[in-house]
Each structure stands twice: as C-alpha cells, then as structure tokens.
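# Coordinates in review
In case you want the letters, here they are:
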Amino acid sequence: TRSTRPQRLLGAVQKSATRGDPCSVVNAIDQFCRHTEWAMNVGDEKGCILDSVVSEVNPATVLELGTYCGYSTVRIARLLPPHAKLITLEFNPDFAAIARQVIAWAGMEEKVHLVEGASGEWIPKIKEQFGVKALDLVFLDHWKDQYLPDTKLIEECGLLRKGSVLLADNVIFPGAPQYLEYVRSSQQYESQYFKSHLEYTKVEDGLEKSVFLG
Ligand SMILES: O=C(NCCCCCn1ccc2cnccc21)c1cc(-c2ccc(F)cc2)cc(O)c1O
Ligand SMILES: [Mg+2]
C-alpha cells in the first residue's frame, strides 16, 4: 500500500540527514517540504522566529502541543540546555511513531518526552507525571480551535508563572481568532505578533507571542 506523507518525510531524513545532528534533520525536512512534498511543519521562516523566542526564554521546561513529525520538537530541543525538558503531545499515533524516529535520528531523545494523547486529558496530569512546577514556554501547534480552551486549562492547572511565554503557530492561517482575541485583550498577557508566512508558501501567517503577567 502507498506510504504516508510522514513516512516519506522520515525517509528523507534518514536519506539526507546525519544521525545525531539536529540541524541536518531540520534542513533535510525543510528541503523535502519545499522541493518535494509540502507538510505542515512550522518551517524555516517561522522556525527562525521560534528559535529566537526559545533562545530568549532559555526554558528549563517546554510544553509543545502538536508534535506531528517532530520538526519543531527537534528545532526547539537543539537549543535547550542539557537537563531541560521538552514535553510534546501528539494525538495521532501514526504521527507519534514517525516523530519518535525523527527525534531519535536527531539525537534529541534525552531532552524530549513524547506523550500520545489529547491535550484536554493530559494537561491536568503534567505536574504529577513529570514533576513540573511551571512551564517556561508553551508552543501551541495543534487543533486551532483548541488553542483557547487549552490555554484556559493550562492557567487553571497553575502551570504558568510570571514570565511564562505562550507561542502560537498559525494565528492567521488556518487561524485562531478566538485565541488571538483572548490573549490580546486579557490584562494577564502582554502579546506580540510576528508576521511571517505559512510554511513553504507565500501565504501570510504568523506567530503570536504572549507573556503571562501573573
Ligand atoms: O492543523 C494543523 N496542525 C494541527 C494538526 C492536528 C493536531 C492534533 N493534535 C496534536 C496534538 C494534540 C493534542 N490534543 C488534541 C489534538 C492534538 C496545521 C495545519 C496547517 C495547514 C493545513 C492545510 C493548509 F492548506 C494550510 C495550512 C498548517 C499548520 O502549521 C498546522 O499546524
Ligand atoms: Mg502549525
């Protein structure tokens, strides 16, 4: 039977990237998605904005909602200090299986906990399961209509501290209008829009960075 897009993306990584070299994994995926087959990774242009936010926050604990094939997981993990922890949540077991292999190829397994399940079920478990006191950075890249309810759940679970940063992908395309309205109007957040483009295209998209004020 025909392979899936994530399987073909993994093949491109195994063919073109060097084991243990996360930058080569990121570059192999970008090359594949730009020249062979589009896929919904955050991509190189928005990825540079992601890199700058990760470097600025220098997080000890990161939560990523939406692993897909692990592109942004590797992108973030490669910038984390040795004992930092990235918890990434993926709903689709087929995507999770590919992401585990991409993360392993990049040599990032030590820094990454990939959890298979739904955000609504898992966010309340993070503190006890992972001994997490607070999340320094949350990267939202899952179902766009889940960004707002999950942000409220993260708040209710006491997972944010003064200075915690939420970074949301696709706030323009596919779009997360209710989420944008919330973080931009709330007194509890200082929000900033980073204009960019939908991965590997000329379509406008961007990332919204929101600092929790406590
Ligand atoms: O849909 C997107 N991502 C979400 C995929 C599903 C996430 C499911 N999921 C994962 C963890 C998790 C935990 N709990 C519940 C559900 C959960 C997405 C789409 C596009 C896109 C697509 C077509 C097009 F023509 C243009 C753009 C571009 C992006 O960058 C995207 O991110
Ligand atoms: Mg996205």
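Computed from a prediction, not measured in an experiment: that's the story for all the values here.

Time to look at the environment of Val 183. Residue placement: Val 183 occurs in helix α10 (residues 177-185). Sequence separation between Val 183 and Gln 31 is 152 residues, and the spatial gap between their C-alpha atoms is 34 Å. Every residue in contact with Val 183, bar those within four places of it in the chain, is listed here: Tyr 189, Ser 191, Glu 208 and Ser 210.

Before going further, it helps to spend a moment on the sheet that holds strand β6 (residues 189-197). The seven strands lie next to each other as β3-β2-β1-β4-β5-β7-β6, forming an open sheet whose pairing is mixed. The open sheet terminates on both sides in strands that have one partner only, identified here as β3 (112-116) and β6. Mean inter-strand twist for the sheet, computed between neighbouring axes without regard to direction, equals 15 degrees. Here β6 pairs with strand β7 (residues 204-212) via nine bridges, running antiparallel. Residue His 197 lies in a different strand from β7, and its bridge partner there is Glu 204.

Between its first and last C-alpha, helix α2 (residues 22-35) extends 20 Å over 14 residues, near the 20 Å set by a 1.5 Å rise per residue. What α2 keeps buried is the set Pro 22, Ser 24, Val 25, Val 26, Ala 28, Ile 29, Asp 30, Phe 32 and Cys 33. Those residues of α2 hidden inside the fold are in contact with α1 (5-16), α3 (43-57), α4 (71-77) and α5 (93-105). At the N-terminal boundary of α2, the capping side chain belongs to Asp 21, with an oxygen 3.1 Å from the backbone nitrogen of Cys 23.

Cut-offs applied
- Residues numbered from 1 in each chain as written.
- Chains lettered and ligands numbered in written order.
- Predicted model: local features only at pLDDT ≥ 70, side-chain atom pairs only at ≥ 80, totals over all residues.
- Heavy atoms only, no water.
- Helix = DSSP H or I, 4+ residues; strand = E, 2+ residues; numbered from the N terminus.
- Contact = heavy atoms within 4.5 Å.
- Pairing = 2+ DSSP bridges.
- Axes fitted to C-alpha atoms, helices over the stretch in contact; angles between N-to-C directions.
- Expected span 1.5 Å × (residues − 1).
- Buried < 20%, exposed > 50% of the residue type's maximum accessible area, 1.4 Å probe, protein only.
- Polar contact = N/O pair within 3.5 Å; in protein donor to acceptor, adjacent residues only side chain to side chain.

Read these as layout, nothing more, since geometry by itself doesn't imply function.
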